[in-house]
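Chain by chain, the residues run as shown.
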Amino acid sequence: MQSSTWVDRITDESNPWLNAIKSEDERDFASAVTLYLRDASDNLERNMPAKAALSSSCAAECLERLSLFSHARLLYRETAAIYAENADRVVGTSVREMLWSLQESSQFYLMAGDKAKSEETYKRYLTISRRVNLFTEDRISRALETVGSTTRTPSDRRDPVPSPAGSRVVVDVEEFLSLRKTGHRKVQTPAAPRRADPSKLRRGNTYDEKSIINQLG
């Protein structure tokens, strides 16, 4: 039996991510939401939370296009939670991915309208950044001052009466959020350790991720 290639996978019409993008391009935002959420669920089951968070955020943007602002905020908040879980998941394997995940989490909490949670997450990011010395103090201070200043947030207006398609989308969102609570609340499987590039070892690379992780306390 012939195995599928990467070309087959990216052109497979059963691929929910690609079909979601196609639906969004065609301005069929209701179908796009359903497909993005399906892709998010699939990636959570495969223990790929970063990809799941991306799909979740895309679904939230489509909800805004449908003027379903309250559900968009709920989905932005869940996106933030998934990124935060990913930060915990990779804490022992990749400092850079952990910091990136915390940044994304902070931004999406802000888009969900939860400023307190956004600031809490961002302060955690800044604390770790200082410890691993990835950024200078000046850059950190400027980042803290500007956090959220350019972040787009969903409108606080009340949602209009949804269309039949919008009503179906609301059901899909609530089902996804329920699935997160019952089956995907925590990402249990730790990230696999990354093997060092032999070429870097030969060059005497001074970057030692384990030693940096140990500084985090």
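Calculation criteria
Residues numbered from 1 in each chain as written. Predicted model: local features only at pLDDT ≥ 70, side-chain atom pairs only at ≥ 80, totals over all residues. Heavy atoms only, no water. Helix = DSSP H or I, 4+ residues; strand = E, 2+ residues; numbered from the N terminus. Buried < 20%, exposed > 50% of the residue type's maximum accessible area, 1.4 Å probe, protein only. Contact = heavy atoms within 4.5 Å. Core = buried A, V, L, I, M, F, W, Y, C linked by side-chain atoms within 4.5 Å. Salt bridge = Lys/Arg side-chain N within 4 Å of Asp/Glu carboxyl O. Polar contact = N/O pair within 3.5 Å; in protein donor to acceptor, adjacent residues only side chain to side chain. Expected span 1.5 Å × (residues − 1).

1. Topic: the overall build of the protein chain
- Broken down by element type, the protein chain carries eleven helices and zero strands.
- Listing the helices and strands of the protein chain from first to last along the sequence gives α-α-α-α-α-α-α-α-α-α-α.
- Sorting the 217 residues of the protein chain into buried and exposed places 40% on the buried side.
- Counting only contacts in the protein chain whose residues sit at least 6 apart along the sequence, the fraction spanning at least 24 positions is 65%.

2. Details of the nonpolar core
- Core analysis: the biggest nonpolar cluster contains 34 residues, and Val 33, Leu 63, Leu 75, Val 173 and Phe 176 have the highest contact counts within it.
- Elements that contribute at least two residues to this core include exactly helix 3 (29-45), helix 4 (49-65), helix 5 (69-89), helix 6 (95-111) and helix 9 (164-182).
- At nine residues, helix 3 tops the list of elements feeding residues into this core.
- For Val 33, the residues in contact, after removing those within four places along its chain, are Ala 59, Cys 62, Leu 63, Leu 66, Val 169 and Val 173.
- Membership of the second largest hydrophobic core comes to eleven residues, among which are Ala 87, Val 95, Tyr 125 and Leu 126.

3. Observations regarding the pattern of salt bridges
- In this structure the tally under the stated criterion is five salt bridges.
- Its salt-bridge partner being Asp 114, residue Arg 77 comes within 2.3 Å of it at the nearest N-O pair. Pair noted here: Arg 77 is in helix 5 and Asp 114 is in the loop between helix 6 and helix 7 (115-132), with a separation of 37 residues, a long-range link.
- Between Asp 88 and Arg 124 there is a salt bridge, with the nearest N and O atoms lying 2.9 Å from each other. Taken together, the residues span a long stretch of sequence, with Asp 88 in helix 5 and Arg 124 in helix 7 at a distance of 36 residues.
- Owing to a relative accessible area of 34%, Arg 124 belongs among the partly exposed residues under this scheme.
- Counted as one network, the salt bridges with shared partners bring together Glu 78, Glu 85 and Arg 180.

4. So, the side chain of Ser 55
- Structurally, the position occupied by Ser 55 is in helix 4.
- By relative accessible area, which is 0% here, Ser 55 ends up buried.
- Within the local environment of Ser 55, its side chain forms a polar contact with the side chain of Asp 39, the two groups lying 2.5 Å apart.

5. Description of helix 6
- The terminal C-alpha atoms of helix 6 lie 25 Å apart, and with 17 residues this matches the ideal 24 Å at 1.5 Å per residue to within 8%.
- Looking at helix 6, one finds that the buried residues are Val 95, Met 98, Leu 99, Ser 101, Leu 102, Ser 105, Ser 106, Phe 108, Tyr 109, Leu 110 and Met 111.
- Gly 113 occupies a position one or two residues after helix 6 and carries a positive phi of about 90°.

6. Comments concerning unusual backbone geometry
- Phi at Arg 27 is positive, roughly 65°, even though this residue is not glycine.
- Inspection of the secondary structure assignment puts Arg 27 in the loop between helix 2 (16-25) and helix 3.
- With a phi angle near 60°, Asn 47 is a residue other than glycine that sits in the positive phi range.
- Looking at the element boundaries, Asn 47 is found in the loop between helix 3 and helix 4.

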